[in-house]
Amino acid sequence: MSRIKLTPDQEKAVFARDSSLLVSAAAGSGKTRVLTERLMAYVTDKAAPRDINSFLIITYTRAAAAELRGRILEELSQRSAAEPENRRLRRQTTLCYRAQIGTIHSFCTTILREYCHKLALAPDFRVGDDDKCSELKQKALDKALENAYEKIGEDSDFAALVESVGAGRNDSRLSNTVLDLNEKMQSHPYPEKWAADQLSLLELSGLTDISETLWGKELIENAKQTAKYWSERLDEVWLSLNSVEEENAPIISAYGESLCETMGALREFIRALDLGWDEAVSCLPIPFARLKPLKNYDYEELKVRLISIREDCKDACKNLCAIFDSPSEKLLRELAITAPAMRALLKLTLEFNKIYSAEKRRNNLLDFSDLEHFAVKLLCDPETNDPTETAVEISKRYTEIMVDEYQDVNAVQDLLFRCVSRKGTNVFMVGDVKQSIYRFRLADPSIFIKKYLTYKDFGASEGNDPKKILLQSNFRSDTNILHACNHVFTNTMSEALGEIRYDGKASLIPPDCAAPARGKTEIAILAVPQAEDGEERPDKTYLEARMVAQRIKRLTQGNETIFDNSLERPIRYSDFAILLRSPNSAGAAFR
């Protein structure tokens, strides 16, 4: 058993066995502690103890891997000191240095060196640094473009690409587009197959409605969400008006006809979106008839709220009109015009990647995406995505695969973890989609979200079905700070904004051992004055800094006190921390 008192949810995450487990660990909920304790629980299990080097532990960065290894060694050292006669514990300290605790790329490098003969790789391959890879990319890109220009008279698609994306004094825009597209392609397990799928999407023959295309479906779905949201907001206001009909009779009489017309049109537009693009176009614009004047009305707050919601709805509907401004026939014709250039872009990117791969082979180099994609070739059947014989052989080495920061994996990495596991039953995933910040590195938080939504709560399912456990207790922050965070994000974060709904399951909860709340959390809003005629607008950063300085001065020179180790004393300058998004640009004003 763990020497440290765990919360009930932490205890479940430490001792749950026999199935894949997703731990959604909120900020400050002790996820590193849980991962370490789970590992220790396996190592010290009296019935079936496991060696620490039988685990594959993946972290996002090398620094995180080094820190985790240090935490594990510290834990082993403390336990060995408590049980000096336990030779097995002392042995685990030695094994810890050989355990696979590292990044996904370090894991891929290890197995590629071991099985290089199966992939025709040189066993002494090197992982290229950014400068060398950039040099080879530029060389490959120049060659790919040179080859394409030699045949431009025979390739009308490439000519269309040059006229559109490549238009300008040089090919820099086209070159950057190819490099960006190639990088994004590498986040897919089979980039060539993905490119072929995109080429097939550009085949528009037989389509009569733009909603039959992938892009049309996306626009229809987004429009449906927007229209439903504003329809519900207006319905809510209308119901509140009619709940006290006698008191609100003047405003109902003045605004009711216009509101009902708008609400009815929104509902009709929502129904039309299910029928097709052209049906939706025919329902726009949404009418917003002029409101009748309303004077001497006591309930100003309700009146202002209604008008505010109506105006915001009106702006949203204007945006919908800008999207649904053309019939399907015209849009399909425009897509057909752009299709040749897009086909050429995909083919040029594939050609660039082919030449770049040859250059890397010639230099005995692999880049980071190569490490992942060669591992996919080694471990995954391209037709079924099932594990290969090699993957099955490797999977027997591991008691469990533990992956930290799972919200930042991509489709390639997710496939690799599945292939080296035992049919997905021994994968322990820890993460928090609210902390996903690596989209620019092609992380795909939707993988985490899909598992979060489909896995059943721990205790609600039996057998080896995948399960999830939520760690919501935050041990870092004061209770008032947690309440403030929950208040802000409950009102701003939704599936449309942030990809996950900030509800009771996503909230941060103070632990049972939390100290009573002290003080209060405030949000200060600074109204920046407009510039006068002939004057520059006041500097916002300076105004913010001045407001903060005045606040600190008032608190330090007044009678305010603070509790320090249970002793009350006056507030000092050292009690303040100023956190800035960019200290380099804003620091001077604050200093």
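So, here is what we can say about the structure in this document.

How each quantity is defined
- Residues numbered from 1 in each chain as written.
- Predicted model: local features only at pLDDT ≥ 70, side-chain atom pairs only at ≥ 80, totals over all residues.
- Heavy atoms only, no water.
- Helix = DSSP H or I, 4+ residues; strand = E, 2+ residues; numbered from the N terminus.
- Areas by Shrake-Rupley, 256 points an atom, 1.4 Å probe, with all protein chains shown as cover.
- Buried < 20%, exposed > 50% of the residue type's maximum accessible area, 1.4 Å probe, protein only.
- Polar contact = N/O pair within 3.5 Å; in protein donor to acceptor, adjacent residues only side chain to side chain.
- Phe/Tyr/Trp six-rings, centres within 6.5 Å; stacked < 30°, edge-to-face > 60°.
- Lys NZ or Arg CZ within 6 Å of the ring centre and 35° of its normal.
- Core = buried A, V, L, I, M, F, W, Y, C linked by side-chain atoms within 4.5 Å.
- Contact = heavy atoms within 4.5 Å.
- Pairing = 2+ DSSP bridges.
- Salt bridge = Lys/Arg side-chain N within 4 Å of Asp/Glu carboxyl O.
- Axes fitted to C-alpha atoms, helices over the stretch in contact; angles between N-to-C directions.
- Parallel < 35°, antiparallel > 145°, perpendicular 65-115°, else oblique.
- Left-handed = near helix turned anticlockwise from the far one by under 90°.
- Nonpolar A, V, L, I, M, F, W, Y, C, P; charged D, E, K, R; others polar.
- Disulfide = S-S within 2.5 Å.
- Expected span 1.5 Å × (residues − 1).
- Bend = angle between axes of the 7 residues up to and from the residue.

**Quick notes on the overall build of the protein chain**
Okay, so step 1: Summing up its helical and strand segments, the protein chain has 21 helices and 11 strands in all.
Okay, so step 2: On the principal axes, the C-alpha backbone points of the protein chain span a range of 85 × 85 × 60 Å.
Okay, so step 3: Of the accessible surface of the protein chain, which amounts to about 34,100 Å², a share of 51% is contributed by carbon and sulfur atoms.

**Brief notes about the side chain of Ser507**
Okay, so step 1: As for its placement among the helices and strands, Ser507 is situated in the loop between helix H19 (479-492) and helix H20 (540-557).
Okay, so step 2: We classify Ser507 as buried; its relative accessible area is 12%.
Okay, so step 3: In this structure the side chain of Ser507 is engaged in a polar contact, spanning 2.9 Å, whose partner is the backbone oxygen of Asp503.

**Focus on the packing of aromatic side chains**
Okay, so step 1: Enumeration according to the criterion identifies nine aromatic pairs in this entry.
Okay, so step 2: On the numbers, 5.8 Å between centres and 90° between planes, the contact of Phe269 with Phe324 is edge-to-face. Highlighted residues: Phe269 in helix H11 (residues 249-273) and Phe324 in the loop between helix H13 (300-323) and helix H14 (328-362), separated in sequence by 55 residues. The residues Phe269 and Phe324 share a single accessibility class, namely buried.
Okay, so step 3: Look at Tyr406 and Phe417: their rings are 6.1 Å apart centre to centre, the planes differ by 40°, and that puts the pair in the tilted class. Highlighted residues: Tyr406 in the loop between strand S6 (400-403) and helix H17 (411-419) and Phe417 in helix H17, separated in sequence by 11 residues. Both residues of the pair, Tyr406 and Phe417, belong to the buried class.
Okay, so step 4: An aromatic cluster of at least three residues, connected via ring pairs, comprises Phe269, Trp277 and Phe324.
Okay, so step 5: For Arg17, the ring lying beneath its charged end belongs to Tyr42, and the centroid distance is 3.9 Å.

**Description of the nonpolar core**
Okay, so step 1: The biggest cluster of nonpolar side chains holds 51 residues, and the ones touching the most others in it are Phe107, Leu112, Leu379, Tyr406, Leu416 and Phe417.
Okay, so step 2: At the level of secondary structure, the elements contributing two or more residues to this core comprise strand S2 (55-58), helix H5 (104-114), helix H15 (368-379), helix H16 (389-395), S6, H17, strand S7 (427-431) and helix H18 (445-454).
Okay, so step 3: At six residues, the largest contribution of residues to this core is made by H15.
Okay, so step 4: Among residues more than four places away in sequence, those in contact with Phe417 are Ile58, Ile104, Ile401, Val403, Tyr406, Val409 and Val427.
Okay, so step 5: In this structure, Ile220, Ile252, Ala272 and Trp277 belong to the second largest nonpolar core, which totals 39 residues.

**Considering the sheet that holds strand S9 (residues 467-471)**
Okay, so step 1: Spatial strand order, S3-S2-S6-S7-S1-S9-S8: seven strands in an open sheet with parallel pairing. One side of each edge strand has no neighbouring strand; the edge strands of this open sheet are strand S3 (100-102) and strand S8 (456-457).
Okay, so step 2: Inspection of the sheet shows S2 paired to S3 by three bridges, in the parallel sense. Bridging from a neighbouring strand, Ile57 pairs with Ile101 of S3.

**Overview of the pattern of salt bridges**
Okay, so step 1: Taken as a whole, this structure holds 31 salt bridges when the rule is applied.
Okay, so step 2: Note that Lys505 is salt-bridged to Asp457, the shortest N-O span being 3.8 Å. Note that Lys505 is positioned in the loop between H19 and H20 and Asp457 in strand S8, a separation of 48 residues in sequence.
Okay, so step 3: Where Lys540 meets Glu544, a salt bridge forms, and the shortest distance between an N and an O atom there is 3.4 Å.

**Examining the packing of helix H6 (residues 130-150) against H14**
Okay, so step 1: Across the interface, H6 lies against H14 with an axial gap of 8 Å and an inter-helix angle of 130°. With respect to each other, H6 and H14 are oriented oblique. Note that H6 runs across H14; the crossing there is right-handed. Packed against H6, whose contacting residues are Cys133, Leu136, Lys137, Lys139, Ala140, Leu141, Lys143, Ala144, Leu145, Asn147 and Ala148, the element H14 presents Leu348, Glu351, Phe352, Ile355, Tyr356, Glu359 and Lys360 at the interface.
Okay, so step 2: Its residues placed into classes, the contact of H6 with H14 shows 11 nonpolar, one polar and six charged.

**Description of the state of the cysteines**
Okay, so step 1: Throughout the structure, instances matching the rule amount to zero disulfides.
Okay, so step 2: For the unlinked cysteine Cys283, the closest cysteine sulfur is that of Cys321, found at 11 Å.
Okay, so step 3: A residue is classified by how much of its surface remains accessible, and Cys283, at 19% relative accessible area, is buried.

**Observations regarding H14**
Okay, so step 1: The end-to-end C-alpha separation of H14 is 50 Å, in line with the 51 Å expected for 35 residues at 1.5 Å each.
Okay, so step 2: Residue Ala339 marks the point of greatest curvature in H14, where the axis turns by about 35°; the proline Pro340 follows within four residues.
Okay, so step 3: Among the residues trailing H14, Asn364 stands out with phi positive, at a value near 55°.

That is the geometry; function is a separate question.
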